[in-house]
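Summary of the model geometry
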Amino acid sequence: MNASLQIEPSAHVSERYARRVNPAWVRLLELLQMNVRYETCRGVELFTDEGRQILDFLSGYCVHNVGHNHPDVVRALQGELERCGPAMIQTHVADLAGELAEKLCERAGGRLSKAFFASSGSEGVEAAIKFARAHTRRPGILSAEHAFHGLTCGALSLMSDKFWSEGFGPLLPETAAVPFGNLEALERELKGGLRSASGLPAGCGVALPPLRHAFCARRSADRDVPNRSFSRSAPLRSRA
Ligand SMILES: Cc1ncc(COP(=O)(O)O)c(C=O)c1O
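Small disclaimer: the values here were computed from a predicted structure and weren't measured.

**Here we look at the overall build of the protein chain**
- When you go through the protein chain residue by residue, the secondary structure sums to 10 helices and seven strands.
- Buried positions account for 20% of the 240 residues belonging to the protein chain.
- Contacts in the protein chain between residues far apart in sequence, at least 24 positions, make up 61% of those at least 6 positions apart.

Now the structure itself:
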């Protein structure tokens, strides 16, 4: 197969993206013959401009858990835009954020009493690192080997696969990775220094921890060690 960019009917769109955003990503999709133009996306069905129907089993890594363009979501967004309500006013208390936070806390159950809103997973991980450090006064963070946490500098520091971080260092100090599901290794690391812990691993989908691991890890981080703490994360992403 020819690795160079192929010119196709919609190629000007790809060409512009390649020129202005990310040429490697366009080249890769061309090589994989996956560079199609999606016209409409509904539920799990994606329709291309060539009349193909594709089923989406990836679901945007759980971004589209309710399916693409779910009518309830579309209606809510349209309603919000049409009511011309306040957005990004610095002196405003966002009532909808309060309502959503309340529903999230109710559904999460347990001791969760506050929600922090962010625009991306990486931003959420950055916040978790800061909250863990501020709350525990422990500077170091443990993560699970092969976990994916995001591509911002703090989140990158918690990813053991050097593929993601090569060339971007130095990253956060005092981070270490433990094999996922290995409670003994986790306890050993927690006892050995100034650490908090993070992590579900990613690589090829999502790995579930043995139930005992999640429970005991939480308990170890809270109880055994004066200088360490615990948080979490998961799946595979391209570096594009
Ligand atoms: C578990 C997990 N944490 C963090 C991230 C980073 O999210 P984002 O790409 O929105 O920054 C991802 C993204 O796939 C993720 O799966």
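There's more to say after this.
**Side note on the sheet that holds strand E1 (residues 38–42)**
- Strand order in the open sheet made by the three strands is E1-E2-E3, with antiparallel pairing throughout. The sheet is open, and its two edges are formed by E1 and strand E3 (53–55), each paired on a single side. If you compare each strand with its neighbour and ignore which way they point, the axes differ by 25° on average.
- In this sheet, strand E2 (residues 45–48) lies alongside E1 in antiparallel orientation, the contact comprising four bridges. What sits directly across from Thr 40, in E2, is Phe 47.

**Regarding the confidence of the model for the protein chain**
- Averaged over every residue, the pLDDT of the protein chain is 84; the share at 70 or more is 75%.
- Segment residues 200–204: pLDDT under 50, and 23 contacts once partners within four positions in sequence are set aside and those in other chains are kept.

**What about helix H4 (residues 71–82)?**
- With 12 residues, H4 ought to run about 16 Å at 1.5 Å a step, and its terminal C-alpha atoms sit 16 Å apart, in line with that.
- Count one or two residues on from H4 and you reach Cys 84, which has phi positive near 50°.

Rules used in this analysis
Residues numbered from 1 in each chain as written. Predicted model: local features only at pLDDT ≥ 70, side-chain atom pairs only at ≥ 80, totals over all residues. Helix = DSSP H or I, 4+ residues; strand = E, 2+ residues; numbered from the N terminus. Buried ≥ 20, exposed ≤ 12 C-beta atoms within 10 Å, placed from the backbone. Contact = placed C-beta atoms within 7 Å. Pairing = 2+ DSSP bridges. Axes fitted to C-alpha atoms, helices over the stretch in contact; angles between N-to-C directions. pLDDT = per-residue confidence, 0-100. Expected span 1.5 Å × (residues − 1).

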